[in-house]
Amino acid sequence: MNDVNLKGIVTGAGKGIGFSTCKLFLEKNYKIIAITRSKSIKLNNLKNKYKSNLEIYYVDLTKFDAVSSICKVIFKKNKNINFLVNNAGVRFRKSFESTSLNDIMHVFNNNILSQLNLTKNYLLNINKRKNNSIVFISSIVGPKGFKDLSVYAATKGAIESFSRSLAIEYSSKKIRINCISPGFINTSYASNFKRNKKKLYNWTIEKTPMNRWGESNEIANVIDFLVSNKSSYITGENIFVDGGWVAS
Ligand SMILES: NC(=O)c1ccc[n+]([C@@H]2O[C@H](COP(=O)([O-])OP(=O)(O)OC[C@H]3O[C@@H](n4cnc5c(N)ncnc54)[C@H](OP(=O)(O)O)[C@@H]3O)[C@@H](O)[C@H]2O)c1
C-alpha cells in the first residue's frame, strides 16, 4: 500500500479528534470522506482548501437507515477505500442511579451501535483483495474505573473488545483492526470542564504522569500510524495515548 495515495472515512469529523485527523490526512495528501452530524465551519474551510480531496457527508450515525443510504452513495462514488476511522462518540457523566434508560440507550446508540452499523456497511462494501485498516476510539475509561462514568465506560470497554475480536475474524484477510484509548484530550469540552470542574481537572493533571492533557493532533498522529503501512503487522491492538495514566 502506498501511503501517499490513501483514501478513507473519518467519522466525527466536525471537531475535536476527528477534525484534527482530517486536517492531518489532507495535509498528507490523503483523500478523505468526512462524516459528521452538525454543520462545521472548520470542515467547510478545509473543503475550500482541499477541494475534491475532501467529501463531506452530514448524517446522525444513530439513524441507521440514513447511514445505509449514505454508504450506498459513498461506495458507489469511491472505489478502493483503504481505511475507516470510527471516531464519533458522545461523552456522558452522571451517577448510575440518576441515569435513565433513555440516557443509557442514547450513549449505547452513539458509542457502540452506530459504530457497529457503520463498520458492517463498510466491510460489506470494501474491496477485500486490498489492504485495509479500521481504527476505533475507546478511552482509558474502558479499563480504569471512574466515578459517574459507568455507562460511558461500558460503551468504551465494549468497543475495545469488539475491535479485538473483529481483528481476529479478519486477520486472515488483509484487514487490520485496532483501537486507540486516549486519556484526557483538549477537545470541544475542555474549556468548560476546566472552568466548571476545577477540582476534577486538577485531579486529572495530578493523575497524568506527563502532567498535562493531550492535544487532538497527538491522537491523530497515532491514527495515521494505524491506517498507514508503517503498522502493517499490528492488528487486534489497543494503544493508550494518555500521557502515562494507565501505565501508572
Ligand atoms: N476528548 C477526550 O478527552 C477523549 C478521551 C477519550 C476518548 N475520546 C473519544 O474520542 C472520540 C472523539 O472525541 P472528541 O473529544 O474529539 O469529541 P468532540 O469534540 O465532541 O467531537 C465529536 C464529533 O463527533 C460528532 N458526532 C458525535 N455523535 C455523532 C453522531 N451520532 N453522528 C455523527 N457525528 C457524531 C460530533 O458532531 P456534533 O458537532 O454534531 O456534536 C463531533 O463532530 C469520541 O469517541 C470520544 O469518546 C475522547
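From a predicted model like this one, the values you see are computed outputs, not experimental measurements.

1. A look at the site of the ligand
Then, number 1: Inspection of the region around the ligand gives 26 residues, with Gly12, Gly14, Gly16, Gly89 and Thr187 positioned closest.
Then, number 2: Counting residues per element, the ones that place at least two in the shell around the ligand are helix H1 (16-27) and helix H4 (101-125).
Then, number 3: Here the element with the most residues in the shell around the ligand is H1; it accounts for 3 residues.
Then, number 4: Residue composition of the shell around the ligand, grouped by class: 8 nonpolar, 14 polar and 4 charged.

2. Some thoughts on the packing of H1 against helix H2 (residues 41-50)
Then, number 1: Interhelical geometry of H1 versus H2 gives an angle of 10° and a closest axis separation of 11 Å. On the basis of their axis angle, the class for H1 and H2 is roughly parallel. Within the contact between the two elements, H1 uses Phe19, Cys22, Lys23 and Leu26 and H2 uses Lys42, Leu43, Leu46 and Tyr50.
Then, number 2: When its residues are assigned to classes, the contact of H1 with H2 shows 6 nonpolar, no polar and 2 charged.

3. Focus on the sheet that holds strand E3 (residues 54-58)
Then, number 1: Ordered in space as E3-E2-E1-E4-E5-E6-E9, the 7 strands form an open sheet in which the pairing is parallel. This sheet does not close on itself; its edge strands, each paired only once, are E3 and strand E9 (238-241). Strand after strand, the sheet turns through a mean of 15° between neighbouring axes, direction not considered.
Then, number 2: Pairing of strand E1 (residues 7-11) with strand E4 (residues 83-86), which is carried by 3 bridges, proceeds in the parallel orientation. Looking at E4, one finds that glycine 8 is bridged to phenylalanine 83.
Then, number 3: Sheet strands touched by helix H5 (residues 150-169): strand E5 (132-137), strand E6 (175-182) and E9. Its angle to E6, the strand with the most contacts, is close to 160°.

What counts and what doesn't
Residues numbered from 1 in each chain as written. Predicted model: local features only at pLDDT ≥ 70, side-chain atom pairs only at ≥ 80, totals over all residues. Near = placed C-beta within 6 Å. Helix = DSSP H or I, 4+ residues; strand = E, 2+ residues; numbered from the N terminus. Nonpolar A, V, L, I, M, F, W, Y, C, P; charged D, E, K, R; others polar. Axes fitted to C-alpha atoms, helices over the stretch in contact; angles between N-to-C directions. Parallel < 35°, antiparallel > 145°, perpendicular 65-115°, else oblique. Contact = placed C-beta atoms within 7 Å. Pairing = 2+ DSSP bridges.

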